[in-house]
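Structure assessment
Below, each chain spelled out in residue letters.
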Amino acid sequence: MHEQISNEQLLEVANKFSTPLYVYHAEKINQQYQKLTSAFADINTTFFYASKALTNINILKYIKDIGCNVDCSSINEVKLAILAGFPVDRILYTSNGIDFSEIEEAVEARVHINIDSLSNLEKFGKKFGHSYPVGIRIRPNIMAGGNLKIATGHDGSKFGIPVDQLSKIEQLIKTTNLYIKTLHIHTGSDIKDPDVFVKGIEVLFELIPHFPELEIIDLGGGFKVPYKAGDEETDIIMLAKKIKETFENHPVANGKNFKLWFEPGKFLVSACGNLLARVTVVKDNGNTVFAAVNSGLNHLIRPMMYDAYHHIENISNPAGVKKVYTITGNICETDTFGSDRDINEIREGDILSFHNAGAYGFEMASNYNSRFKPAEVLIKDGKTQLIRKRDEMEDLLRNQVI
Ligand SMILES: *Cc1c(COP(=O)(O)O)cnc(C)c1O
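Counting restarts for each chain: residues are numbered from 1 in the order of the written sequence. Note on the predicted model: pLDDT of at least 70 is required for a residue's local features to be given, and 80 or more for side-chain atom pairs to be given and counted; whole-chain, interface and lining totals, by contrast, use all residues. Hydrogens and waters are ignored; side-chain quantities use all the structure's heavy atoms.

1. Remarks on the overall build of the protein
The number of helices and strands found in the protein is twelve helices and 18 strands. Atoms counted for the radius of gyration: C-alpha only. Globule rule: 2.2 Å times the number of residues to the power 0.38. Computed over C-alpha atoms, the radius of gyration of the protein comes to 23 Å, within 12% of the 21 Å expected from 2.2 N^0.38 for 402 residues, which places it in the range of a compact globule. Taking the principal axes of the C-alpha coordinates as reference, the protein spans close to 70 × 55 × 40 Å. Sequence separation of 24 or more characterises 68% of the internal contacts of the protein that already satisfy a separation of 6 or more. To be clear on the numbers: accessible area is Shrake-Rupley with a 1.4 Å probe, and residue cover counts the displayed protein chains and nothing else. For the protein, the exposed area adds up to about 17700 Å²; of that, 48% sits on carbon and sulfur atoms. Counting rule applied: Lys, Arg positive; Asp, Glu negative; His and chain ends not counted. Where a charge lies is defined by one atom per residue type: Lys uses NZ, Arg uses CZ, Asp uses CG and Glu uses CD. Taken as two groups, the 44 positive and 51 negative side-chain charges of the protein have centres that lie 2 Å from each other. In this text, helices come from DSSP runs of H or I with a minimum length of four residues, and strands from runs of E with a minimum of two, each type numbered from the N-terminal end. Note on contacts: a residue pair is in contact if any heavy atoms of the two residues lie within 4.5 Å.

Spelled out as structure tokens, the structure:
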């Protein structure tokens, strides 16, 4: 497996392409993918990369080339996946809250579909009856995930059809002759404990006898990744072992040979990415020394949106004496990347590296404050390639009528 990208390399890339800059390391994605496939090697498992984490088409192509499938959360992501060259039987569309016309488009494209409401399920059954196998997203009423904003399976969540509405699903199957091939759950993100997935399976097992044509159990994504020293990743080997036991020990599942699907996003691409930004201002405001960079919540919103932790390093001054800094952006809004961090002495002009910026980093970037979105660079096979140009003035005016 390939080496980590060194800070010296990152600094070279920052000098070559300027900042702010997203840098991704392709082989790191493959390394994460191999962890999954090797742990689940003797279980009939398929992984669908949740592409909403990072949709640059070069990343999608790489994911396709290493053999991973793709999960989409909008019809446009389905179209991007097709453009990236994924065969349609390797594309899954797990929708929520969408207009039925998008589901019709997905059927036209012949991709796998998971439906998340009784309303769309009814429309689906009426239009396609038994002609198009489909999955349903079940809300298992399990609370899990890093925080409430990324918990999706609890009993107050908008996602899925609540498990207690089973009789209504059954009624629709009867009246419209639906062909249900998949039961899907996605309980949330940053789930470290394998038992949460086991609990999810147990909820689904209760439902199995009601779906005679069931082939696939889809457990969604949400595996945790480490953000700081001492953090642990979801133990994938333990997870595979527990899931295998759960299937083998359960009378409804044992011998049925269900296919198991997962939709990892963060697990595959979080650690592959770093955001590099240049220090614009260092100022001592009394109680706090602030270092501001030429970036902000417009480029990496996770700290402000989810209180997410991103490790921050000063890659320009690795030998500098450690001091305490609060790192902010340049946006007219509080945009703290990290408070009271021990960082090698920061000087104006230094390059800071923000770790775990591959997932939900660029993807959530905006032009807020009329700033340009960063460029993106991919390092693959030791070669560095620009995969998105930095915005220019025309990009800010694109689509404005002047
Ligand atoms: C976002 C999402 C995922 C991926 O979640 P991660 O925490 O990035 O692994 C998987 N499935 C569905 C349906 C999602 O919405």
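Now, onward.
2. Comments concerning the environment of E122
Mapping E122 onto the fold places it in helix α6 (residues 118–128). Under the relative-accessibility criterion, E122 is labelled partly exposed at 33%. Sequence-wise, E122 and T176 are 54 residues apart; in three dimensions their C-alpha atoms are separated by 7.4 Å. In this view, E122 contacts L172 and T176; residues no more than four positions away in its chain are not counted. Classification of residues uses two cut-offs on accessible area relative to the type maximum, computed with a 1.4 Å probe and protein chains only: under 20% is buried, over 50% is exposed, and between them is partly exposed.

3. Section: the domain arrangement of the protein
Domain start and stop positions are those given by an automatic or database domain assignment. In terms of domains, the protein is made up of domain 1 (40–264) and domain 2 (270–397). For domain 1 versus domain 2, the separation of C-alpha centres amounts to 33 Å. Listed by partner, the interface residues are 15 residues for domain 1 and 18 residues for domain 2. Note on terms: buried area is the combined drop in 1.4 Å-probe accessible area of two parts once they are placed together, counting the loss on both. Area buried by domain 1 at its contact with domain 2 is led by A53, N56 and Y227, which between them contribute 34% of it. By convention in these notes, a salt bridge is any Lys or Arg side-chain nitrogen within 4 Å of a carboxyl oxygen on Asp or Glu. Summed over the shared surface of domain 1 and domain 2, the result is zero salt bridges. Two N or O atoms count as a polar contact when they lie within 3.5 Å, although within protein this holds only if one can serve as hydrogen donor and the other as acceptor, and sequence-adjacent residues are included solely when both atoms are side-chain atoms. Linking domain 1 with domain 2 are six residue pairs in polar contact (both at pLDDT 80 or more), by the criterion used here.

4. Topic: the site of the ligand
The near set for a molecule or strand comprises every residue that places at least one heavy atom within 4 Å of it. Around the ligand sit 14 residues, and of these K52, S189, E263, K266 and Y360 come closest. G222 is positioned such that a nitrogen or oxygen atom in its backbone is 2.8 Å from an oxygen atom of the ligand. Y360 has a polar side-chain atom sitting 2.5 Å from an oxygen atom of the ligand. All residues other than Ala, Val, Leu, Ile, Met, Phe, Trp, Tyr, Cys, Pro, Asp, Glu, Lys and Arg, Gly among them, are scored as polar; the first ten of these are nonpolar and the last four charged. In the shell around the ligand, the residues fall into three nonpolar, six polar and five charged.

5. Comments concerning the nonpolar core
To define a nonpolar core, start from buried Ala, Val, Leu, Ile, Met, Phe, Trp, Tyr and Cys residues and group those joined through side-chain atoms within 4.5 Å. In terms of nonpolar packing, the biggest core is built from 104 residues, with F40, Y49, F124 and I327 touching the most fellow members. Each of domain 1 (40–264) and domain 2 (270–397) contributes no fewer than three residues to this core. Ignoring anything within four residues of it in the chain, the contact list for F40 reads T45, F47, I236, L239, A240, I243, L260 and F262. Judged by nonpolar contacts, the second largest core, of 13 residues, contains V23, A375, V377 and I379.

6. Description of the side chain of K266
Along the chain, K266 falls in helix α10 (residues 266–269). What K266 contacts, discounting residues up to four positions off in sequence, is A53, I150, S189, D190, F223, V225, Y227, R302, A359 and Y360.

7. So, helix α3 (residues 57–65)
Of the positions making up α3, those classed as buried are I59, L60, Y62 and I63. End-on, the buried residues of α3 take up no more than an arc of 160 degrees, which puts them together on one face. Just past α3, the residue G67 takes up positive phi, approximately 100 degrees. Arc definition: directions from the helix axis to the C-beta atoms.

8. A few points about helix α4 (residues 75–83)
Within the sequence span of α4, burial applies to I75, E77, V78 and A81. For α4, the angular spread of the buried residues around the axis is 155 degrees, confining them to a single face. Every exposed residue of α4 that faces more than 90 degrees away from the buried side is listed here: N76 and L83. Where α4 is buried, its residues touch α3, β3 (69–72), β4 (91–94) and α5 (100–109). Following α4 by one or two positions, G85 has its phi on the positive side, about 100 degrees.

9. Observations regarding the packing of α4 against α5
Pairs of packed helices are described in terms of their axes, by the angle between the two and the distance that separates them. It is at 10 Å that the axes of α4 and α5 come closest, and there the two elements cross at 20 degrees. Considering the angle they form, α4 stands roughly parallel to α5. As for how α4 packs across α5, the hand of that crossing is left-handed. When α4 is examined against α5, the residues I75, K79 and I82 are found in contact with a partner set consisting of E102, E105, A106 and A109. Where helices are involved, their axes are fitted lines through C-alpha atoms of the stretch in contact, as for all axes, and angles between N-to-C directions lie from 0 to 180°. Any angle between 65 and 115 degrees counts as roughly perpendicular, while under 35 counts as roughly parallel, over 145 as roughly antiparallel, and the rest as oblique. Crossings are classed by handedness, with left-handed meaning an anticlockwise turn of the near helix from the far one by less than a right angle and right-handed meaning a clockwise turn.

10. Comments concerning the side chain of E263
Tracing the sequence through the fold places E263 in the loop between β10 (259–262) and α10. For the buried E263, which has no salt bridge, the nearest side chain bearing the opposite charge is R137, at an N-O separation of 6.5 Å. Of the polar contacts made by the side chain of E263, one reaches the side chain of H184; its length is 3.1 Å. Not counting residues up to four positions away in its chain, the partners in contact with E263 are F48, A50, D71, L92, T94, N114, H184, D218, G220 and G221.

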